[in-house]
Amino acid sequence: MVTVPDPESSITPTLLPRVVLAAPSTGQGKTTISTGLMAALRARGLEVSGHKVGPDYIDPGYHALAAGRPGRNLDPHLVGEERIAPLLLHGARGADVAVIEGVMGLHDGRIGTDGFASTAHVAKLTRTPVVLVVDIARMSRSVGAVVAGMAAYDPEVDVVGVILNRAGSARNVAEVQRSLRLPVLGVVPRDETISSPSRHLGLVPAGERHESAEVVSRLGEQVARHVDLDAVLEVARQASDLTDNAWDPRREVRPVEGRSPVVAVAGGRAFTFAYQETEELLRAAGCTVVPFDPLRDRSLPEGTSALLLGGGFPEMHVQQLARNRALLEQVREAVRAGLPTVAECAGLLYLLDDLDGSSMAGVIRTGAAMSQRLTLRYPEAVAAGDNLLTRAGERVRGHEFHRTTLTAPARGWAPAWQVDGELIGVATPTLHASYLHTHWAGHPVMAERLAHAASCATPVTAPTPRPSVVPCPRPDEPVAEPLLHHGDVETGRGLIDFAVNVHPEPRPSWLEAALRDGIEQSTTYPDVTPARDAIAELHHRRADEVLVTSGAAEAFELIARWKPWRRPVVVHPQFTEPHAALERAGHQVTVVSCRPEDGYRLDASAVPEDADLVVVGNPTNPTGVLHPAEEILKLRRPKRVVVVDEAFMDAVTDTGNSLATDRRRGLLVVRSLTKHWSIPGIRAGYVLGNERAVAALAARQVPWSVSAPAITAAVACCSGEASMEAARRAERIAQWRAHLVAALTGRGYEVLGSQTSFVLARLGRGTREALRDHGVAVRRADTFPGLDATWVRIAVRPPKTVTDLLRALDDVRAGTPAAIGA
């Protein structure tokens, strides 16, 4: 076991058995073999210290699982050559053996520097013997040539053995072994079941894999079976003594005086990127480091005086991060109020307005989105000015590694860094945020400055819950029952149906034929492409601006779960399913009520300015009011989505107020085919909007949610023949509606001016129930927010059917008893 000398004493040689596992190139299996070796040696009862050459955050996570102690990085670019051996000794304190996993190919380093920060460079700085891991799946004797070249390329690098990885047949292995002039320490066969899965930046972090511990254990078993552990240990023991003092964070920073300020450090599955030395430096500077999980914790740790948001993969957890509104809002208010905050890469994304369309903290007023291009650089950055962490002109070495890009420059902020002639990030006396990752062991003054700022900051207090207009249901609390009430429950055997807004006439023969075709096609999985293309052509849209859904209800569910809406607004009276869907998704809904004195017409100015989602029906169910398109368009704001439910627009004779063809950003139109075409059991609908919004909704859609009959029906309902029939139906509905309204108003009932296939009439309390006793079903209206039990919704029907309604209504008014069995 290595015993590190006291840092205050004179330097004495330190014995640390150690080995570097390198490879000719990336993709040879270094991480698999290195992690397995650490686990196998630990299983033998040895204390193992895991290290990684380069800036990689992910591999050390697997090393930590294997070794049972923090994984450490050794990167001359980030911390300087002089700190590599001291950091190795620091990380290996108390260990029996250190395993150092290389980066890329053995001699690959920072471009243009002749191998600076390469595995070979670190091996020389630490005087550590090297074992090559070579993938032989597609080679035989050429392995010998590759290994010989790697070993001879730099005489100062001591390549002492080989582990053959992904071995196949015994015959090929024998051929490879005959080609080698170095000892073979192991032959590991192919086993794809325990390889580490890739992510867009490399591997999936160990902290994000539920099965990580099991995978590491199996790697250890695999390596123990196929690698000569005694031979590897013998190689490690040949390493010469180190004459450096171990790095000690207490020698690097000055502790703050007085209280120990709390520094909250983001962790959990979304923020897995951190260097262990950062926390050690902060503790040495007198801080209390408290981790928190932005996915789960509802508030910052009690007494937080500074905030550290490191790297990770927030884009993989964006929806869950965004749903934690309480924490996001607390972070926004605290950072705006001057809480000292450092944010690197993922931390920067967390502080933006939005990430891939999902709302974040909103400190920095711009967004970010995933891109196809990987940003990868290993630069020297120059501090652009005096700020929380740096002073103007200071030079810091860091690395960038990300696939997101800002959607627009962060305006109004001083930049944090100048990198390759580009100004990046934002910085103030209390905030430092950028894509650049830094290793504070190489620049310990950063930890000292953050600690000092924290010691002067006012600690964050627990947030006060914000009241809302409509309470959000608890996870175990059902959505309010009235919101789930629909007209179909009003009907029943022996009742004349005026409750359901489905067209009463028989379906056209061409639609019946299409439905039969859909049934025949249902032996294979459905493909919505024909329906999407037909809908796009009908509305003069591109196909990528159409999402076919299982009725309008699925569309509302997708919209509700699309973003972590901060203040969703539903304009009522309105079809209640959007409201219910938002509550099911855990949102608090603000109700904006159209006023009866205005005839329940939309007043866009009544919608709060901070609403980021507004849902309005047009024509509105149950009032039948058709709002002017220009009034709806007044709802548009930057960062706001306006959803227009046009489920009943097909029944309107003049569709000039439809926004189905309007391609403005932030506008979504939801349509339904079930009502006008009498196919409520088929579930066919769609969303129209810009391609980004449609793609985001599609990503949340359950596979094959739209059935084959719904697809063939949608195609049929978009034909020229269907358009002519739809117009004829709308004309008949208008005639029937005029007859119904005249009959009701002639009897003294109040009726709203509907433009669609139903009317809202004030018949008085108890009338709905009495009509039911007389064999007529109308839809109750008191389940629509803003209406009471004096109102009912009446579906428009042909005059002959309306006669039955009027007769029953007259009987109810006259007090005539209902017939037995009616």
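Quick notes on the rules
Residues numbered from 1 in each chain as written. Predicted model: local features only at pLDDT ≥ 70, side-chain atom pairs only at ≥ 80, totals over all residues. Heavy atoms only, no water. Core = buried A, V, L, I, M, F, W, Y, C linked by side-chain atoms within 4.5 Å. Buried < 20%, exposed > 50% of the residue type's maximum accessible area, 1.4 Å probe, protein only. Contact = heavy atoms within 4.5 Å. Helix = DSSP H or I, 4+ residues; strand = E, 2+ residues; numbered from the N terminus. Pairing = 2+ DSSP bridges. Axes fitted to C-alpha atoms, helices over the stretch in contact; angles between N-to-C directions. Right-handed = clockwise from strand over helix to strand, strands pointing away. Phe/Tyr/Trp six-rings, centres within 6.5 Å; stacked < 30°, edge-to-face > 60°. Lys NZ or Arg CZ within 6 Å of the ring centre and 35° of its normal.

Visitor: Would you mind going over the nonpolar core in detail, with residue names and values included?
Guide: Membership of the largest hydrophobic core comes to 103 residues, with the highest contact counts inside it found for L106, V130, L132, L282, W417 and W440. Contact partners of W440, with chain neighbours within four places excluded, come to T278, L281, L282, L308, V342, E344, L389, M446, A447 and L450. Membership of the second largest hydrophobic core comes to 54 residues, among which are A534, V592, A684 and L688.

Visitor: Report on the environment of V335, specifying residues and quantitative values.
Guide: Turning to its location among the elements, V335 is positioned in helix α12 (residues 325–336). Relative accessible area serves as the criterion here: at 6%, V335 is assigned to the buried category. Linking V335 and A66, residues 269 residues apart in sequence, is a C-alpha distance of 37 Å.

Visitor: Go over the sheet that holds strand β34 (residues 776–780), please, and point to the residues and values.
Guide: Pairing is mixed across the open sheet formed by five strands, whose spatial order is β24-β34-β35-β33-β32. Of all strands in the sheet, those with a lone pairing partner are β24 (496–498) and β32 (750–751), marking the two edges. Both β32 and strand β33 (residues 758–762) contribute to a ladder of two bridges, which runs antiparallel. Along β33, the bridge assignment pairs V751 with A761. Set on the sheet, helix α22 (residues 720–746) makes contact with β32, β33 and β35 (791–795); between it and β33 the angle comes to about 5°. In the packing of helix α24 (residues 799–814) onto the sheet, contacts are made with β24, β34 and β35, and the angle to β24 comes to roughly 95°.

Visitor: Account for the environment of A611, naming residues and giving values.
Guide: Tracing the backbone through its elements, the reader meets A611 in the loop between β27 (590–593) and β28 (613–617). Judged by its relative accessible area of 4%, A611 is buried. Along the chain, A611 and K639 lie 28 residues apart, while their C-alpha atoms are 9.2 Å from each other.

Visitor: Account for the pairing of β27, with residues named and values stated.
Guide: Burial along β27 is one-sided: the face carrying T590 and V592 is buried and the face carrying V591 and S593 is not. For strand β26 (residues 568–572) and β27, the ladder comprises four bridges, and the chain directions are parallel. Opposite V571, over in β27, you have V592 as the bridge partner. Handedness of the crossover joining β26 and β27 through helix α18 (residues 577–584): right-handed.

Visitor: For the packing of aromatic side chains, give the residues involved together with the corresponding values.
Guide: The relative placement of two aromatic rings is captured by the distance of their centres and the angle of their planes. Enumeration according to the criterion identifies 10 aromatic pairs in this entry. Here the aromatic rings of F271 and Y350 are separated by 5.8 Å at their centres, their planes lie at 85°, and the arrangement is edge-to-face. Of the two residues, F271 is situated in the loop between β10 (262–266) and α10 (276–284) and Y350 in helix α13 (residues 346–351); the sequence distance between them amounts to 79 residues. Its relative accessible area of 4% is what places F271 among the buried residues. A ring pair is formed by W562 and W565, whose centres lie 5.7 Å apart and whose planes are at 85°; its orientation type is edge-to-face. On the basis of relative accessibility, which here comes to 6%, the residue W562 falls in the buried class. Over the aromatic face of W562 sits the side chain of K563, whose NZ or CZ is 4.6 Å from the ring centroid. Taking NZ or CZ as reference, R793 lies 5.7 Å from the ring centre of F758, over its face.

Visitor: For unusual backbone geometry, give the residues involved together with the corresponding values.
Guide: Here the bond from H572 into P573 is cis, since omega is -5°, no more than 30 degrees from zero. Structurally, P573 is set in the loop between β26 and α18. Cis rather than trans, the peptide bond between N618 and P619 has omega equal to -10°. Inspection of the secondary structure puts P619 in the loop between β28 and α19 (629–633).

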